[in-house]
Amino acid sequence: MIELTLEHKRIWVQGLLIDCPMGKPLENCPARDARALPIAERLNLTTAMDENQLDQIISHHRNCLNRREHPERYQNG
């Protein structure tokens, strides 16, 4: 997997704060509440985040996207 630079992580999270890639965010989405803020505030949020915070949001969204695109992989039984 390609290692993202800090700048690319910020850009990715900015995009996630604009809209959910799946169209409708789940209840546990860490970006859900932030999406209600004015766009300038959302962009400023990413500037204030440290790399660990960015990584956590990206990781959550990667996992969420994978689970939603491939639910058969995560079914019990």
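What counts and what doesn't
Residues numbered from 1 in each chain as written. Predicted model: local features only at pLDDT ≥ 70, side-chain atom pairs only at ≥ 80, totals over all residues. Heavy atoms only, no water. Helix = DSSP H or I, 4+ residues; strand = E, 2+ residues; numbered from the N terminus. Buried < 20%, exposed > 50% of the residue type's maximum accessible area, 1.4 Å probe, protein only. Axes fitted to C-alpha atoms, helices over the stretch in contact; angles between N-to-C directions. Parallel < 35°, antiparallel > 145°, perpendicular 65-115°, else oblique. Left-handed = near helix turned anticlockwise from the far one by under 90°. Contact = heavy atoms within 4.5 Å. Nonpolar A, V, L, I, M, F, W, Y, C, P; charged D, E, K, R; others polar.

**So, the environment of L43**
Within the element layout of this structure, L43 appears in helix α2 (residues 39–48). Judged by its relative accessible area of 32%, L43 falls in the partly exposed class. As for L43 and L65, which are separated by 22 residues in sequence, their C-alpha atoms are 22 Å apart.

**Quick word on the packing of helix α1 (residues 6–18) against helix α3 (residues 51–69)**
One way to put it is that α1 packs onto α3 with a least axis distance of 10 Å and a crossing angle of 55°. Our classification of the angle between α1 and α3 gives oblique. Every pair of crossing elements has a handedness; the one defined by α1 and α3 is left-handed. Of the residues in α3, those in contact with L6, K9, R10, W12, V13 and L16 of α1 are E51, L54, D55, I57, I58, H61 and R62. Of the residues that constitute the contact of α1 with α3, the class distribution is seven nonpolar, one polar and five charged.

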